[in-house]
Amino acid sequence: MSFSRVLFAAALFVLLELSAFAAEPPRETIARAVLAPDTSTRRDLISSLAGKGDEDLAALLDAWRVAPLYVYESEITGRVAVQLVGPKDGNGAQDAIRVDDGSPLVDAAGTPLRLVDSTLASVRITTPLRAAIKSVLDLLDLNSPVASRRIDAIKTLGFSQDTEKEPLLRERLDTETDSKVRIALREAIALIHLASADKDTRLAALGELRELHTLSSYGLLESTFRDAQASGDTAIAEAARVAIRAVDSHRAKVDFLGTLFRGVSLGSILLVVALGLAITFGLMGVINMAHGEMIAVGAYTTYVVQNLFGAGLVIPFFGMNLGLPGMNLQGWGYQTYFIFALPVSFLAAAVVGIGLERSVIQFLYRRPLESLLATWGVSLVLQQIFRLMFGANNVQVSSPSYLSGNWTIDDVTLGWNRVFVIGFAILLVFGVWLVLTKTPLGLLIRAVMQNRRMAACMGVRTERVNMLTFGLGSGLAGLAGAFVSQINNVGPALGQSYIVDSFMVVVVGGVGNVLGTVISALGIGAIDNVFQQYLPAWVTEAGAIPWIGNFLQNLGQDSAVFGKILVLAGIILFLQWRPAGIFVTRSRNLEG
C-alpha cells in the first residue's frame, strides 16, 4: 500500500470518528463524563454540549446538580453510568436508569435492576463542573420554545459580557422572530461590546443602548460612565451620559403610565366597594356602618366556595364542627371556583343585608343617628361571628391561574387581577345602570325615591322596595368582597379597611349619584397613587421649608400614610367648597 493511500485511510478514519462524536447523543456524552477518570475531562465533555440537546438533557443535568449520578459495574454490562430514581424500598434500593439512553438497567434475564446508592461509586458535582453545567443550561434555554426563557438566557449571557458567547447570540439574532427576544439579543450583544478594548466598538455599543434605552442596562451604563470619567475618556463618558439620560426618560414614562394604570385600578377597586354603599346610603339615606362587613361576607363566601371545589372545609359553628365536603377538583375544574363564587357571594351578602334590613333598619328610617349606632353594633357582632367561624387569623384565598399573571407592554406591567377589576367595575356600573333604568325593580326604586307617599298611593309596596334595594346594595358589597379576596387578606376586620374610603367616595361624588361615585372613585384612586409614587421625591425638597421642613420629610418617609392624609385634607377642603359633592342629586326622603 502506497503512503498516499495510508494517509487517505487515516484521514478518512479521523473524519468518521469526528462525525461519530459530533452525532453522539447528548445523553451518551453525559454518560462518558460520568465515567471519565477526572473532573477536568468531565468538565470538557459537559462543555462540549453547549448549544446542543433538548428539554430531556436539561432535566438530566438539573437532576445531576441535585443528586449524584453513579457508576455501576458488572461482568455483563461493564461500567455503566446510572441514575437512581423513585422512592426507596425497605432495603434502600431504587430504580436504576441508564444515563446513556434513559432505559432501565436490566440484568442478564432482562429484569430491571434496583440498586442501593451506598453500594455504587457516586460522581458528585464539583464547582467547575457546576459552572460548566450552568453554562450549558443557559445556552440550552437560548433555543427554548418559550420566549421568556430565551430572554432570561440571553440576559444572563449579555451581563456576563463573555465575548465567546457573541457568535451564538448573533446566530440566534439572524433567526429570531419575536420582537422582545430580538431587543434582548441586541442589548446582550451591545453589553458584550461594552467590555471591548476597542473604543469605537464601545461607542457603537453605547449608541445601541441609547436607542434601546432598556432599564436593565442602567447599572452597566452608570459603571461605564464612572470608569470613563475616572480615566478621562470624555467621548465615552459623554456617550454613556446620553445613554443614561435616554434610559431615565424611558423610566419616567414607564413610571407615569404605571402610576396611571395603578391609579385607575385602585379607583376601580374603590368604585366596586363603594357602589353598594351608593345605593344604601345614596339612594336610601341609610348610614350603614355594617357595609364593610357585607364586603367581608362576600370575601368569606369566596373562601368557602374555593374549599368546596377543593378538599372541603370544617367550620367551627357555635361549639359544633360543621363539615362541608369538597369536590376535590383539579386543574381547570378547580380554577373555575372564582367564577361560581361571584354570584354566590352576591346572594350571600344580599341575604344577610335583607335580614339586617328586616330586623334592624326598617325600624330606624328617619333616625340617622340611631341607625348609625345600630349598624355599627351589628358590624361588631358580625366581626365576632367571623372570628368564631373562621378564626381570628386571615384565611387563604388563592387566585386562579387566569388572574395571577401579567402583561408587560414597553416595560409597563399590567397585572391580570387589576385589569380584571377595571373590566369588572365597568360591567358592574353598566349592570347597576340597567337595573335602575331598565327593570321593574329599578322603576319602583326610582318611584319611591322621588316621592314615597305618591308611590305608596299608586300601590307600590314601599317596604318591599326598601328591602330589595337594601339587598341589592348589600349584594354589590358581596361582589366587591369576592374580588377584594384576590388582592388582599381575608380576615374579620377586612370591611373596616374599606368603610371609610367608601363613604368618602360616595360623599365626594354626590350622595345618590352613581356617575358622581364613578368619577369620585377614579379621581381619589388616581390622586392617591400619584402621591404614593412621587411624594418621596417631593419631600426631599421640603427640608428648606422653615419650621415644618423636617416634619414633612419625616412624614414623607411613609408615602402611603402621608398620601392618605393629603387626600383626606383635600376632600375636606373640597366639601367646604361643594358640600353636596361633585353632582347634586335630590336625595330620597323616607318620611311618611
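Conventions used here
Residues numbered from 1 in each chain as written. Predicted model: local features only at pLDDT ≥ 70, side-chain atom pairs only at ≥ 80, totals over all residues. Heavy atoms only, no water. Helix = DSSP H or I, 4+ residues; strand = E, 2+ residues; numbered from the N terminus. Buried < 20%, exposed > 50% of the residue type's maximum accessible area, 1.4 Å probe, protein only. Polar contact = N/O pair within 3.5 Å; in protein donor to acceptor, adjacent residues only side chain to side chain. Contact = heavy atoms within 4.5 Å. Axes fitted to C-alpha atoms, helices over the stretch in contact; angles between N-to-C directions. Parallel < 35°, antiparallel > 145°, perpendicular 65-115°, else oblique. Left-handed = near helix turned anticlockwise from the far one by under 90°. Pairing = 2+ DSSP bridges. Expected span 1.5 Å × (residues − 1).

### Re the side chain of Q486
- Relative to the helices and strands, Q486 is located in helix 19 (residues 462–487).
- Since its relative accessible area comes to 7%, Q486 is described here as buried.
- Polar contacts involving the side chain of Q486 include one to the side chain of S485, which spans 3.3 Å.
- Once residues lying within four places of it in the same chain are set aside, the contact partners of Q486 are T302, Y337, F338, V397, S398, S399, P400, L403 and N417.

### Section: the environment of F386
- Here F386 shows up in helix 15 (residues 368–390).
- Among the residues examined, F386 registers a relative accessible area of 6% and is labelled buried.
- Beyond its immediate sequence surroundings of up to four residues, F386 is in contact with E293, A296, V297, Y300, G391 and P492.

### Observations concerning the packing of helix 7 (residues 166–175) against helix 8 (residues 179–194)
- Between helix 7 and helix 8, the shortest axis-to-axis distance is 10 Å and the interhelical angle comes to 155°. Here helix 7 is positioned roughly antiparallel relative to helix 8, judged by the angle of their axes. Classified by chirality, the crossing of helix 8 by helix 7 is left-handed. Only R182, L185, R186, A188, I189, I192 and H193 of helix 8 make contact with helix 7, whose side of the interface consists of E166, L169, R170, R172 and L173.

### Some words on the sheet that holds strand 1 (residues 69–74)
- Across the sheet, five strands lie side by side as 4-3-2-1-5; this open sheet has antiparallel pairing. The open sheet is flanked by strand 4 (114–116) and strand 5 (121–123), the only strands paired with a single partner. Going from strand to strand, the sheet's axes swing by 50° on average, the running direction of each strand aside.
- Pairing between strand 1 and strand 2 (residues 78–85): five bridges, direction antiparallel. Of the residues in strand 2, the one forming a bridge with Y72 is V80.

### Describing helix 15
- Between its terminal C-alpha atoms helix 15 stretches 32 Å, which fits the 33 Å expected from 23 residues at 1.5 Å a residue.
- Taken as a whole, helix 15 has its buried residues at S371, T375, V378, S379, L382, Q383, F386, M389 and F390.
- Positive backbone phi, approximately 90°, marks G391, located one or two places after helix 15.

### Here we look at the side chain of T302
- Inspection of the secondary structure assignment puts T302 in helix 12 (residues 291–309).
- With a relative accessible area of 0%, T302 lands in the buried category.
- For T302, the side chain forms a polar contact with the side chain of S345, separated by 3.2 Å.
- When neighbours within four sequence positions are excluded, T302 is seen to be in contact with Y337, F338, A341, S345, V397, A482, S485 and Q486.

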